[in-house]
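Reading the structure
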Amino acid sequence: MSKRLIMIHDENKCIGCQACNIACRSENGTPDEVTRLQVRVEGPFGDAPNLHFKYNRVSCQQCEDAPCVKVCPTGAAYVGEDGLVSIKAEKCVGCMYCVAACPYKVRFMNPETKVADKCNFCKETRLAKGELPACVTACPTDALIFGDANDPSSEVVKILNTKPSYQDKTHLGTKPRLYRIPTKRGGSSHEQYLGRYGAI
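Residues numbered from 1 in each chain as written. Predicted model: local features only at pLDDT ≥ 70, side-chain atom pairs only at ≥ 80, totals over all residues. Heavy atoms only, no water.

**Considering empty space enclosed by the protein**
For the structure on display, the rule yields four cavities of 30 Å³ or more. A volume near 110 Å³ is recorded for the largest cavity. If you go around the largest cavity, you meet 14 residues; those closest to its centre are C14, C17, C20, V39 and C139. Residues belonging to the lining of the largest cavity are distributed by class as follows: nine nonpolar, four polar and one charged. (1 Å grid on protein atoms, 1.4 Å probe; cavity = no way out; pocket = protein on both sides within 12 Å on 5 of 7 lines; lining within 4 Å. Points joined across faces, edges and corners; volume = space filled by probe spheres on them. Nonpolar A, V, L, I, M, F, W, Y, C, P; charged D, E, K, R; others polar.)

Written out as structure tokens, the structure is:
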């Protein structure tokens, strides 16, 4: 059976320190004016003294049915044998169709390479060497977990089988590979968050 690589962001463990963002920039040489990954700090929510924040990872969702791949006129955006959405830089013509099509608004034009860019789980720089994505390695609270969802003994499977999780914008049918463990800090839950702020 082929691998199904996924990432889990545990919002309860995340502290919004941006170590993942810094590690991503360093690993991938991302220019200062753009980003492959960031953690948005939202809130506070709740009532004093039980205030809490929501830490929202903003990055490519590695959609299994990726709109950015469908609209690319040159095949620059593609799904590799590993199932990850990647980019062939030499085929990118800078049309930005992928940027417009991404429902998560996480694609961008790299101002230095003039190529559409995004998170690819450090496919070339780290996964190819059998290493974890830079953000996972740098996280000081183990809020990021990466692994094969088709391996029943993997940590990601154990977590998804024992904790509630959600994915963003599943109603679009994109089948994102980024899972989230909803925060329960301050007595609030993801369902309460949705009730207050609508579908995300």
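**Concerning unusual backbone geometry**
Among all residues save glycine, negative phi is the norm, and among peptide bonds the norm is trans. Cis rather than trans, the peptide bond between G43 and P44 has omega equal to 10°. Mapped onto the elements of the fold, P44 is located in strand 2 (residues 37-45). Of the consecutive residues A48 and P49, the connecting peptide bond is found in the cis state with omega at 5°. Along the polypeptide, P49 turns up in the loop between strand 2 and strand 3 (52-59). A positive phi angle, close to 65°, is found at K114, a residue other than glycine. In this structure, K114 sits in the loop between strand 6 (108-109) and strand 7 (116-117). (Helix = DSSP H or I, 4+ residues; strand = E, 2+ residues; numbered from the N terminus.)

**Notes on the packing of aromatic side chains**
Two aromatic rings, taken as a pair, are described by how far apart their centres are and by the angle between their planes. With the rule as written, the count across this model stands at one aromatic pair. Pairing F121 with F146 gives two aromatic rings, centres 5.2 Å apart and planes at 80°, and the pair type is edge-to-face. Here F121 is found in the loop between strand 7 and helix 4 (134-138), whereas its partner F146 is found in strand 8 (residues 144-148), with 25 residues between them in sequence. Above the ring of Y78, the side-chain terminus of K88 is found at 4.7 Å from the ring centroid. (Phe/Tyr/Trp six-rings, centres within 6.5 Å; stacked < 30°, edge-to-face > 60°. Lys NZ or Arg CZ within 6 Å of the ring centre and 35° of its normal.)

**So, the pairing of strand 2**
Two elements, strand 2 and strand 3, share seven bridges in a ladder whose sense is antiparallel. When the bridges of strand 3 are listed, E42 appears paired with K54. Linkage of strand 2 to strand 3, two consecutive antiparallel strands, is achieved through a turn of six residues, within which G46 is found at a positive phi near 90°. (Pairing = 2+ DSSP bridges.)

**What to know about the sheet that holds strand 8**
Reading across from one edge, 8-1-9 is the order of the three strands in this open sheet, with mixed pairing throughout. Every interior strand has two partners, whereas the edge strands, strand 8 and strand 9 (178-181), have only one. Taken over all neighbouring pairs, the strand axes of this sheet differ in orientation by 25° on average, direction set aside. Pairing analysis gives four bridges linking strand 1 (residues 5-10) to strand 9, with the strands arranged parallel. Looking at strand 9, one finds that D10 is bridged to I181. Its contacts with the sheet place helix 5 (residues 155-162) against strand 1, strand 8 and strand 9, and it is angled at close to 115° to strand 8. (Axes fitted to C-alpha atoms, helices over the stretch in contact; angles between N-to-C directions. Contact = heavy atoms within 4.5 Å.)

**Things to note about the state of the cysteines**
As enumerated under the stated definition, the model contains zero disulfides in all. In this structure C14 is not part of a disulfide, and its nearest cysteine sulfur, from C20, lies 6.4 Å away. Residue classification places C14 among the buried positions, given a relative accessible area of 8%. C92 takes part in no disulfide bond, and the closest cysteine sulfur, belonging to C98, lies 6.2 Å away. (Disulfide = S-S within 2.5 Å. Buried < 20%, exposed > 50% of the residue type's maximum accessible area, 1.4 Å probe, protein only.)

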